[in-house]
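Structural overview for review
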Amino acid sequence: MTVRRPRWDRIGYIALLVLVVLVVAACAAPGAPGASGASGVPHVSATPQPPLQPAQPGADPISLLAWLFTPIFQVMFIIMVAVYVFLTNLGVPGAIGWAIVVLTLIVRSLVIPLYRRQLTSQRRMQMLQPEIKEIQRRYKGDSMKARVAQQELMKERGISPLAGCLPLLLQMPLLFIMYSVIQHGLTNQDPTAMLSIFGNPIVHLSCTNIVNGAVDAARPCINTIIPIFGGIDVSKPSTFVDIAIPGTAIVLGLSILAIISAGLQLVQSRMMLPSTRPEDDDPNTKIQRQTMLLLPLISVAYGGFLPAGLFIYWITATIFSIAQQYLIVGWGGMFPLFGRTPAFATGHAPRFPVSMPPPPDPSKRAAILTDADKKTTAASTIRPVKKGRQGRRGRRKPK
């Protein structure tokens, strides 16, 4: 598709960028819940940290934003700690890892309707490509009419550009709030204040860092170790290879969890591509195929400094999204892979397929989409023949 993106699509991406910047600033602000320093890597200080307290509204917008996001932080933290306490009482090893998985499933279940609208909108846009190409052919050389015709076509088929933006606008704040829950909530020595609402305790947490009645400053309240994964700490980055950049103090690390997350993101992206040959793709699909490889690489780079618990959240959320896409759009453009299509993917139909609403009655369609408009446009481009001498050959001079 060679025309410009709809205006609301561009506004959505701009709003997403602004929202991400504000949320990052709020999570890192001193007034944010449990802010523990300027570093992006969680750590436990040599001296006991102050108890984790809800953020208070301030005069500056950053403090106000931190206060607004505190209820969401608190609800997510309470759910995670409640599951952690329940599994710990049952003697389940690595209870904090399972608590993050359960919290992720709850959050993603609540936003199923939004992501279904996004998948439906994207799938309908793919199904609408033949009609969009016909509009481009009809109004070739007139980008304004082509853009208006595309907008009218999407309107009559019930496709909203905002349907693809809203899940993105929601996903990024949830990701940063989850990062704040893991960074601040799991590394604090006394997070009990965040487990109470209006002074009423919701979850009773017994800290594991109290030795002989004194708080061990080197250990957080919650046990963040998962022994079955080699004893990784979900509150810190977990890398198996560290690469130091010569001449700098920067150290890049490779994480198994980050690599798994990147691989799942690649599968999710391929499933959303149309099942067409790459050489037949429109320009937007070609760009999507290129970014499909770039974004997982960025996730691998994040593995060196983001906490391992965030990648557990990311992996669980991506698996949930893959299952949702499989039910709605099927395998999409996942196959052929390396030139082969497995038998289970041949002729596969999704469980809840997306259907395109039929076009309205011709009398109710927008004029720009009808043949009458095409004829009018063509007639207006015909240059009328003037009487009189117009050439040297084959034309008579006026008398």
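Please refer to the structure higher up on the page.
Below is a summary of the structure that appears in this document.

Rules of the game
Residues numbered from 1 in each chain as written. Predicted model: local features only at pLDDT ≥ 70, side-chain atom pairs only at ≥ 80, totals over all residues. Heavy atoms only, no water. Salt bridge = Lys/Arg side-chain N within 4 Å of Asp/Glu carboxyl O. Helix = DSSP H or I, 4+ residues; strand = E, 2+ residues; numbered from the N terminus. Buried < 20%, exposed > 50% of the residue type's maximum accessible area, 1.4 Å probe, protein only. Disulfide = S-S within 2.5 Å. Expected span 1.5 Å × (residues − 1). Contact = heavy atoms within 4.5 Å.

1. Some remarks on the pattern of salt bridges
Within this structure, the stated rule accounts for three salt bridges. Glu131 is the salt-bridge partner of Arg157, the closest N and O atoms lying 3.1 Å from each other. With Arg157 in the loop between helix 6 (143-156) and helix 7 (162-185) and Glu131 in helix 5 (residues 129-138), this pair connects stretches of sequence that are 26 residues apart. Here Arg157 falls in the buried class, since its relative accessible area comes to 5%. Taking relative accessible area as the criterion, Glu131 reaches 29% and is therefore assigned partly exposed. Its salt-bridge partner being Glu134, residue Arg137 comes within 2.4 Å of it at the nearest N-O pair. Highlighted residues: Arg137 and Glu134, both in helix 5, separated by three residues, approximately one helical turn.

2. Some points on the state of the cysteines
Enumeration according to the criterion identifies one disulfide in this entry. Here Cys207 connects covalently by a disulfide to Cys221, the sulfurs 2.0 Å from one another. On the sign convention where negative is left-handed, the bridge of Cys207 and Cys221, at about -90 degrees about the S-S bond, is left-handed. Residue Cys207 is located in the loop between strand 2 (200-201) and strand 3 (210-211), and its partner Cys221 is located in the loop between strand 4 (214-215) and strand 5 (225-226); the two are separated by 14 residues in the primary sequence.

3. What about helix 10 (residues 308-329)?
When the terminal C-alpha atoms of helix 10 are compared, their 31 Å separation across 22 residues agrees well with the 32 Å that a helix rising 1.5 Å per residue should span. The buried fraction of helix 10 is high, at 18 of 22 residues.

4. Examining the environment of Thr370
Of note, Thr370 is situated in the loop between helix 10 and helix 11 (371-380). By relative accessible area, which is 19% here, Thr370 ends up buried. Remark: the alpha-carbon pair of Thr370 and Ala149, spanning 221 residues in sequence, is separated by 9.9 Å. Each residue touching Thr370, except ones within four places of it in the same chain, is listed here: Arg138, Pro362 and Arg365.

5. Details of unusual backbone geometry
Looking along the chain, the bond that leaves Phe335 and enters Pro336 is cis, with omega of 5 degrees. Of note in this structure, Phe198 is not a glycine but carries a positive phi near 55 degrees. In this fold, Phe198 is placed in the loop between strand 1 (196-197) and strand 2. Owing to a relative accessible area of 82%, Phe198 belongs among the exposed residues under this scheme. Here the phi dihedral of Phe338 falls at roughly 55 degrees; this positive angle occurs in a residue that is not glycine. Its location among the elements puts Phe338 in the loop between helix 10 and helix 11.

This is a description of form; function is not addressed.
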